[in-house]
Every structure is written in C-alpha cells, then in structure tokens.
Amino acid sequence: MYKAFGIVNSSSRNIRVEGLEDYRPIGAFSFLGRYRMVDFPISNLSNSGIDRIQIYVKEKPRTLVSHIGTGRHYNINSKSGRLQILFTDSDQRNNIYNTDIASYYENMECIEEMHHPYVVITPDYMVYTADFSRLIEQHIQSEADITLLYHAVDNAKDAYLNCNILNLNKQKGVLSIEPNHGNAKNRNIFMDTYIMKRELFIELIRKAKAISSAFTLADIINELHNELDVRGISHRGFFASITDFQSYYDANMDLIDIKAAQTLFDPEWPIYTRTNDSCPTHYYETAQIRNSVVSNGCQVEGTIENSILGRGCIIHKDAVIKNSVILSGAEIGEGVHIENQVVDKMVKILHVKEVVSDPALPGYIKRRDIL
Amino acid sequence: MKQNSMLAMILAGGRGSRLHDLTNKVAKPAVSYGGKYRIIDFPLSNCANSGIDVVGVLTQYESVELNSYVAAGGRWGLDSKNSGVYVLPPREKADTGLDVYRGTADAISQNIDFIDQYDPEYLLVLSGDHIYKMNYDKMLAFHKERQADATIAVIEVPLKEASRFGIMNTDGETDRITEFVEKPPVPESNLASMGIYIFNWKLLRKLLLADMKNPDSNHDFGKDIIPTLLGDEKRLFAYRFKGYWKDVGTIDSLWEANMDLLSPDNELDLSDLTWKIYTEDVTALPQYIGTEARIQNAYITQGCVIEGEVTNSVIFTGAKVRPGAKVIDSVLMPGAIVEDGAVVIRALVANGVNIGKGALVGSADSEHIELIAKRVKGAE
C-alpha cells in the first residue's frame with residue numbers, strides 16, 4: 001500500500017520497566033517466549049501493506065538492531081520496502097527533553113523524504129493487533145485531521161497508570177488527551193497510535209518545537225485541539241501496555257490462556273519474528289508440565305506450571321517453576337523452586353534452591369546472573 | 001565471500017514409494033521429520049555449514065512442493081552473492097529428446113551446463129533422502145590428502161545387515177576401494193556406501209559425457225560410474241563416517257528415526273548450536289500446553305497445542321492434541337489433530353489428518369507402525 005508510511009515509536013520519558021530496561025529498550029523485550037515487543041507493531045504495519053517503516057530508538061540499541069536486522073523476516077518487500085532504524089541522542093542531564101517530538105525533529109529529513117500522503121504512528125511498548133489499512137480508510141472517510149486509537153478498559157484504577165486516556169464526546173471526537181490518574185475504573189486508554197497526513201505531522205512537529213522543548217506529540221495535539229478535528233477509534237481484541245514491570249509480567253501471564261491468546265493471534269494475521277533455528281523442545285521422562293507456553297529448543301526434566309519458557313531453556317530434574325516468565329537460555333538447576341519471577345536471559349539458578357516472591361510483587365532476576 | 005572450489009548436487013528425484021500415501025503428493029526429500037524439519041533440510045544444512053555456496057537440487061517426482069520449498073535458499077543461509085540453491089528438474093534440450101533423468105548419473109550429465117557455469121574443481125554428489133549431520137569440508141580434506149580421483153563416504157554397518165547395502169571392499173590400510181558390490185549376498189566388508197561422493201569434476205565430466213552415449217548403461221553412479229572408475233584403476237577411497245545416519249525408506253524406519261530423537265543420548269543431537277539444521281521459518285505461536293495436559297518423553301515444536309496426554313511421541317508443527325486425547329508411541333505430522341478422547345498408539349498420522357472424537361487408531365502390539373493418511377471419523 002502506497003498511502004502511508006509507518007513509524008514505530010519508542011516509549012516516552014515517563015515510562016520505566018524496572019530491571020529489564022537496564023539492558024535493552026522495551027521494543028527489544030522478549031514477549032511470550034519467542035517474540036520481541038517490536039514484532040507486534042512491525043507485523044501490524046507489514047500485514048497492513050505498509051512497507052516503509054521507521055523505527056525510533058533512544059537507548060541501548062544493540063539488541064533491537066540485531067533482532068530487526070535487514071527486516072526480511074517481517075515479510076517486507078526487499079526492493080520497494082524498507083525498514084529504517086533511527087537513533088536519537090538522549091539528553092542525559094534532564095529527561096524532560098527526551099520527547100517523541102525531539103526524536104522526530106532530529107530525523108526530520110527522513111520524514112520529509114517519505115512521499116506517502118499519510119503516516120501511521122504505533123508504539124513499540126504496547127501489544128495489540130490492528131489492520132491499519134482499514135483504519136486509514138476510516139480516517140479518510142471521516143475527514144478528521146487526526147485519528148487516535150484507544151482501548152476501553154474497566155480496570156484503569158489499578159492498571160495503565162503510565163498511560164494517557166482520551167476524553168471523548170458522543171461523536172467520538174477527542175476533547176483532550178490526559179494522563180491516567182487512576183481515579184476511575186472505566187477509561188479509554190490511548191494506545192499512542194496516530195493516523196494523520198504526513199504534512200500535518202511535519203507541521204505539528206515544528207509547532208511543538210516552537211512552543212516548548214518539552215512538548216510531546218500528544219501535548220501539541222491537546223494544545224491545538226480547538227483548531228483540529230481529532231477523532232478516536234475504539235480497538236477490540238487483546239491489548240496490553242508494557243509500561244512498568246508489573247504490566248510486563250501480567251501481559252505475559254494473561255496470554256498463557258489459549259482463549260486469550262486467540263484474541264491476539266490470528267492465523268490470517270501472522271506475527272513475524274527472527275527465527276533462531278532452534279530444534280523442537282524435548283520433554284523427558286520426569287517432565288511435568290501444564291498450563292504453560294513453551295518456545296523451541298528447551299530441555300524439560302522438571303515441573304512447570306502457569307509459566308512461559310523462552311527459547312533454549314534448560315529445566316533440570318525436580319526443578320519446580322510456577323507463575324513465572326523465564327527468558328531464553330536460562331538454566332534452572334536440580335531441585336530449584338521458582339515462583340512468581342521474571343528470570344532474564346541466560347540466567348543460571350543453580351545454588352539457591354528457592355526463589356519465591358509474593359504473587360502481588362513478582363521478582364526479577366538480572367540478565368546473565370548466576371544464583 | 002568468493003564461491004568455493006566444491007559445488008554440491010543433491011539427488012532429490014526419488015519417489016520413496018515404500019512410504020506409501022506420505023509420498024503421494026510430495027517427493028521423499030520433502031517428507032517431514034523431527035517435528036519441524038523436512039528430510040532435505042539435512043543435506044542442505046550440511047552444505048551450508050560446510051561452507052558450500054552453490055547447491056543444485058535435482059528433482060523429478062512430484063516436485064512442485066519440493067521445488068518451491070528448496071527455491072527459498074535463504075532458509076539455509078545459502079543466499080549471499082555467488083551463492084544459491086538451484087532447483088534443476090529435467091528440461092527439454094535442443095539436441096536431445098530427453099525429458100526425464102534416466103538415472104543418478106544421468107541427472108548430473110544433463111546438468112553439465114549448469115555445473116560448468118561455476119567451473120568447480122570438485123563435485124559433491126549427495127542423496128536428498130538421508131538424515132545425518134556431516135562436515136563435507138572434512139571429507140574434501142581427506143579426498144585431497146589421499147590425492148583421490150573419487151571419494152565415497154561409508155558407514156560401518158553390522159555385517160549381518162551388510163547385504164542390504166552397496167558395500168565397499170577396501171585395501172584396509174589406506175581405505176582405497178578395491179571393489180564395489182551392490183547388495184552382496186555374502187558381504188566381505190561392512191563398509192556401506194552412504195551415497196555421498198566427491199569427484200574431481202574434470203574427470204567425472206569426461207566419464208559422464210561418455211556414459212550418456214553408452215546404450216548399455218543404466219546411467220547410475222553405483223552401477224556404472226564407480227565400476228568404470230575402478231576398472232580404469234583410478235584412485236577411489238572410502239571416507240569413514242561415524243555418527244547418526246538413517247535412510248528412512250519405510251513407514252517403520254521413518255517412525256523409528258523420529259523415536260530416536262527421544263533418546264537422551266541420541267547421536268543426531270539437533271540441539272547442537274555449532275551445527276544447526278535450518279528449515280522453513282513458520283510464523284506459528286509457541287507451544288501451548290493446556291491445564292489438563294500430561295507430557296512425558298516427547299519432542300514437541302512450535303504451533304502445537306497439547307491439551308491431552310502425549311507419551312513417547314514426536315509432535316510436528318501445528319499439530320493438536322485435544323483434551324482427553326492420548327498419543328502414545330506415535331508421530332503426529334504437521335497439522336494433524338487428535339480430537340477429544342481419541343487414542344493414537346504406535347501410529348504415524350500424516351499431515352493435516354484429523355482423528356475424530358473418541359476414535360482409536362493403531363495398536364500397542366502391532367508389528368508395524370500404522371500410517372493414518374486419511375481422516376478417521378469419530379463417535380459423534
């Protein structure tokens with residue numbers, strides 16, 4: 001589709017996922033065993049026929065860059081399509097400057113050289129599927145200036161606390177974009193997904209920059225809401241926002257249930273990722289596993305319940321893993337008991353026999369750590 | 001990377017008729033194996049891992065699926081400049097009326113023009129039907145070191161089984177081949193040919209051109225080319241391979257080769273990160289294991305949904321075992337579904353086949369493995 005180019009945006013300044021984010025940006029987080037967060041927005045764009053895609057990265061780009069590579073695995077045409085990774089230097093002294101607008105402004109040349117009339121902006125820290133080609137059609141038909149995607153939730157008091165919400169009028173016009181203060185259960189969570197004309201996008205970047213160095217794209221849309229026709233479209237299906245450690249853990253756990261997974265994954269809408277050419281998983285004589293999601297290349301001799309295993313994990317005899325997210329290449333030793341944990345990549349838990357956290361406060365084991 | 005001195009040709013034309021309904025629509029090299037692979041992934045991955053850049057795949061029988069599968073050379077990493085996997089079905093040529101490959105040697109002869117484009121020093125000829133991991137570069141080093149005209153990879157088989165194979169008799173010390181006997185009733189040696197040959201291309205090219213014109217020839221490596229070389233007193237050597245090697249000719253042996261993967265010390269070791277076997281990249285979900293599932297001694301891959309019991313079995317991409325179903329000592333090929341309460345014992349369920357609710361297929365004390373190639377209706 002020639003109508004739009006895509007932007008995959010990285011998380012804004014007020015988001016921090018404790019632990020995991022020390023090692024990689026949220027887009028490079030492992031998700032549900034075999035995926036990385038960025039696979040969802042890129043697959044959505046690719047499946048929507050959008051094959052000119054810009055991916056914005058701020059910090060620690062190594063894992064993200066090596067995962068995305070040439071982008072061939074995202075089924076993007078190797079001649080007409082292109083995946084571009086765009087870096088922006090973060091301001092180390094004051095985080096207030098690290099806005100999406102600053103990233104776009106720094107890469108303005110790359111935005112200007114796109115010849116597509118529309119742009120779709122989608123975040124790398126939210127998990128959902130959406131057909132952008134349909135949303136663009138809806139956007140054009142509505143004659144709105146900007147279309148924003150939102151998800152109506154009934155648990156905004158306890159979750160989505162780092163997200164923005166949309167205040168809508170009855171005609172789905174957006175009155176304002178505001179932070180979720182957690183003071184009401186039913187809210188329209190803004191999915192940080194925008195559709196607008198490329199011209200308007202460039203104009204907004206310039207205006208934001210002129211008004212305030214700390215303005216975000218959401219801020220400038222709020223500021224100009226009297227001049228702009230901004231509409232909301234409601235999203236249905238699975239939605240998760242990975243904006244803190246708990247939401248990362250919860251989103252993984254929620255998808256252990258295959259019925260829930262079917263609201264995210266559709267055989268007609270494949271989520272692409274980089275293959276690792278791992279062999280199938282070997283379950284041995286002593287294995288006991290139920291209600292879990294397992295990636296390839298694992299060797300399982302122990303007990304696993306309500307958990308997710310990344311690629312190539314080794315679970316020894318008499319090890320017990322419950323309610324945990326185990327990232328790829330981890331090894332859990334004989335007789336080790338793990339409960340309510342996120343175990344980062346390549347961790348070995350061999351000497352400590354019990355790592356159990358309160359279900360309300362899951363624990364985190366650092367990348368490549370040996371316990 | 002510059003193209004190296006050895007080019008590989010994989011003979012993938014065989015039907016594998018003893019695999020019955022499994023090879024009705026696909027050639028044997030395209031048959032699924034080991035959860036996520038196809039048989040031809042093994043020679044192709046071996047080539048890629050051995051640093052061979054150009055691989056020709058000679059197809060003939062039911063080749064549509066195999067051709068399109070193999071043509072995506074990127075799967076095996078054979079996609080840099082000067083590198084590639086080329087599908088070579090028989091083609092009509094101006095000077096001959098041929099449109100089939102008349103034998104293994106003829107398949108190469110008819111593609112001399114293809115090979116000449118690369119002007120290789122050595123030609124590696126492989127079979128597309130065998131499961132094994134082998135470094136062909138080491139075999140080439142042996143070939144060079146012996147100053148051989150041709151080298152044939154051999155594997156030691158029990159002497160009592162040797163009469164099932166093509167057997168190499170050697171001088172014992174340097175492993176120079178003195179005689180090649182196809183399926184000898186009373187074998188003198190236990191060195192079985194693996195159907196893997198390295199030839200000096202210039203010499204082989206000459207022989208093939210002569211063989212094409214010989215009306216009495218079977219145009220076969222084993223029956224014609226190797227005996228001719230031996231008759232001319234050329235230097236032929238046997239390269240001893242140690243490790244897992246399996247020709248999966250029958251349903252029983254295909255089942256067995258899959259079961260071998262369940263053994264904790266299986267020699268094939270597909271988890272070896274230094275010699276990965278590459279295959280098609282499917283976009284399926286990770287494995288989903290349900291709340292009532294029981295899994296013991298199993299090899300399971302991406303895209304599977306296991307809600308019932310799986311014991312001693314290999315479950316391929318996208319296969320599903322529904323609640324209350326049992327799969328024992330069996331192989332479920334890609335996309336096979338075992339519905340609620342159905343039981344599968346000592347069976348091989350073909351691609352996409354549905355075993356209906358409560359149905360029972362296979363039996364615990366059968367002599368042979370049952371192939372289930374058609375939908376089995378369940379109790380409604």
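Note that the coordinates shown come from a computational prediction; the quantities given were computed from them, not determined experimentally.

Caption draft 1: Focus on the overall build of chain B. Within chain B one finds 8 helices and 26 strands. Along the first, second and third principal axes, the C-alpha atoms of chain B reach 70 × 45 × 40 Å. The 380 residues of chain B split such that 58% are buried. A total of about 15,800 Å² of accessible surface is found on chain B, and carbon and sulfur atoms cover 48% of it. Positive and negative side-chain charges in chain B, numbering 40 and 52 respectively, have mean positions lying 3 Å apart.

Caption draft 2: Just the overall build of chain A, in detail. Helix and strand counts for chain A stand at 9 helices and 28 strands. Principal axes of the C-alpha set define a box for chain A whose edges measure 65 × 50 × 45 Å. The 371 residues of chain A split such that 58% are buried. Contacts in chain A between residues far apart in sequence, at least 24 positions, make up 59% of those at least 6 positions apart. Approximately 15,400 Å² of chain A is accessible, and the part contributed by carbon and sulfur atoms is 45%.

Caption draft 3: Structural detail: helix H5 (residues 132-142) of chain A. Residues and elements named next belong to chain A. Among all positions in H5, only Phe132, Ser133, Leu135, Ile136 and His139 are buried. Axial view of H5: buried residues confined to an arc of 160 degrees, hence all on one face. For H5, exposure combined with an orientation more than 90 degrees from the buried face picks out Arg134 and Gln141. Directly after H5, the chain includes glutamate 143, whose backbone phi takes a positive value near 60 degrees.

Caption draft 4: Structural context of the interface of chain B and chain A. Facing 36 residues of chain B, the contacting portion of chain A comprises 35 residues. Summed over both partners, the interface of chain B with chain A buries about 2,900 Å², with 50% contributed by carbon and sulfur atoms. Summed over the shared surface of chain B and chain A, the number is 1 salt bridge. Between Asp79(B) and Arg72(A) there is a salt bridge, with its nearest N and O atoms 3.3 Å apart. For the pair chain B and chain A, the interface holds 19 residue pairs in polar contact (both at pLDDT 80 or more). Listed by contribution, the elements that provide at least two residues to the side of chain B that touches chain A are strand E14 (287-289) and strand E15 (294-300) of chain B. Sort the elements by how many residues they give to the side of chain B that touches chain A and E15(B) lands first, with 6 residues. Considered class by class, the residues forming the side of chain B that touches chain A number 19 nonpolar, 13 polar and 4 charged.

Caption draft 5: Summary view of unusual backbone geometry. A positive phi angle, near 65 degrees, is found at Lys172(A), a position not held by glycine. Relative to the helices and strands, Lys172(A) is located in the loop between strand E9 (164-168) and strand E10 (174-179). The phi dihedral of Arg346(B) is positive, around 40 degrees, even though this residue is not glycine. Summarising the element assignment, Arg346(B) is placed in the loop between strand E22 (343-345) and strand E23 (347-349). Residue class for Arg346(B) comes out buried when judged on its relative accessible area of 17%.

Caption draft 6: Molecular detail of the pairing of strand E10 (residues 177-182) of chain B. All names here are of chain B. Bridging between strand E9 (residues 166-170) and E10 involves 5 bridges; their strand directions are antiparallel. Bridge assignment links glycine 166 to a residue of E10, and that residue is glutamate 182. The turn joining E9 and E10, which pair antiparallel and follow one another in sequence, is formed by 6 residues; a positive phi near 90 degrees is taken by glycine 172.

Caption draft 7: Expanded view of the environment of Ser142(A). Residues and elements named next belong to chain A. Take serine 142: it is sitting in helix H5. Residue serine 142 is classed as partly exposed on the basis of its relative accessible area, which comes to 23%. For the pair serine 142 and tyrosine 104, spaced 38 residues apart in sequence, the C-alpha to C-alpha distance is 26 Å.

Caption draft 8: Expanded view of the sheet that holds strand E27 (residues 354-356) of chain A. All names here are of chain A. Judged by pairing direction, the sheet is parallel, and its 5 strands sit side by side in the order E15-E18-E21-E24-E27 without closing on themselves. Looking at strand neighbours, the two that pair on one side only are strand E15 (288-290) and E27, the edges of this open sheet. Neighbour-to-neighbour, the strand axes of this sheet turn through a mean angle of 5 degrees, independent of strand direction. Pairing of strand E21 (residues 320-322) with strand E24 (residues 337-339), which is carried by 3 bridges, proceeds in the parallel orientation. Across the sheet, lysine 322 pairs through a bridge with glutamate 339, a residue of E24.

Caption draft 9: Region of the structure containing the confidence of the model for chain B. In the predicted model, chain B carries a mean pLDDT of 92, and 97% of its residues have values of at least 70. Listed scores for the predicted complex are pTM 0.94 and ipTM 0.93.

Caption draft 10: View of the packing of aromatic side chains. Evaluation of the coordinates by the stated rule reveals 23 aromatic pairs over all chains. Consider the rings of Phe31(A) and Phe40(A), whose centres lie 5.8 Å apart with planes at 85 degrees: the pair is edge-to-face. Per residue, the accessibility class of Phe31(A) equals that of Phe40(A), and both read buried. Three or more aromatic residues joined by ring pairs form one cluster here, namely Phe31(A), Tyr35(A), Phe40(A) and Phe265(A). The cationic tip of Arg34(A) hangs over the ring face of Tyr35(A); the distance from NZ or CZ to the ring centre is 5.4 Å. For the cation-ring pair, Arg38(B) lies above Tyr69(B), with the distance from its terminal atom to the ring centre recorded as 4.6 Å.

Caption draft 11: Quick peek at the pairing of strand E5 (residues 82-87) of chain A. All names here are of chain A. Note: strand E4 (residues 52-57) against E5, 6 bridges, orientation parallel. Paired with tyrosine 56 across the bridge in E5 is leucine 86. Since E4 and E5 lie parallel, the crossover through helix H2 (residues 62-68) that links them has a hand, and here it is right-handed.

Here is what the cut-offs are and how they apply
- Residues numbered from 1 in each chain as written.
- Chains lettered and ligands numbered in written order.
- Predicted model: local features only at pLDDT ≥ 70, side-chain atom pairs only at ≥ 80, totals over all residues.
- Heavy atoms only, no water.
- Helix = DSSP H or I, 4+ residues; strand = E, 2+ residues; numbered from the N terminus.
- Buried < 20%, exposed > 50% of the residue type's maximum accessible area, 1.4 Å probe, protein only.
- Areas by Shrake-Rupley, 256 points an atom, 1.4 Å probe, with all protein chains shown as cover.
- Lys, Arg positive; Asp, Glu negative; His and termini not counted.
- Charge placed at Lys NZ, Arg CZ, Asp CG, Glu CD.
- Contact = heavy atoms within 4.5 Å.
- Arc of directions from axis to C-beta.
- Buried area = accessible area lost by both parts, 1.4 Å probe.
- Salt bridge = Lys/Arg side-chain N within 4 Å of Asp/Glu carboxyl O.
- Polar contact = N/O pair within 3.5 Å; in protein donor to acceptor, adjacent residues only side chain to side chain.
- Nonpolar A, V, L, I, M, F, W, Y, C, P; charged D, E, K, R; others polar.
- Pairing = 2+ DSSP bridges.
- Axes fitted to C-alpha atoms, helices over the stretch in contact; angles between N-to-C directions.
- pLDDT = per-residue confidence, 0-100.
- Phe/Tyr/Trp six-rings, centres within 6.5 Å; stacked < 30°, edge-to-face > 60°.
- Lys NZ or Arg CZ within 6 Å of the ring centre and 35° of its normal.
- Right-handed = clockwise from strand over helix to strand, strands pointing away.

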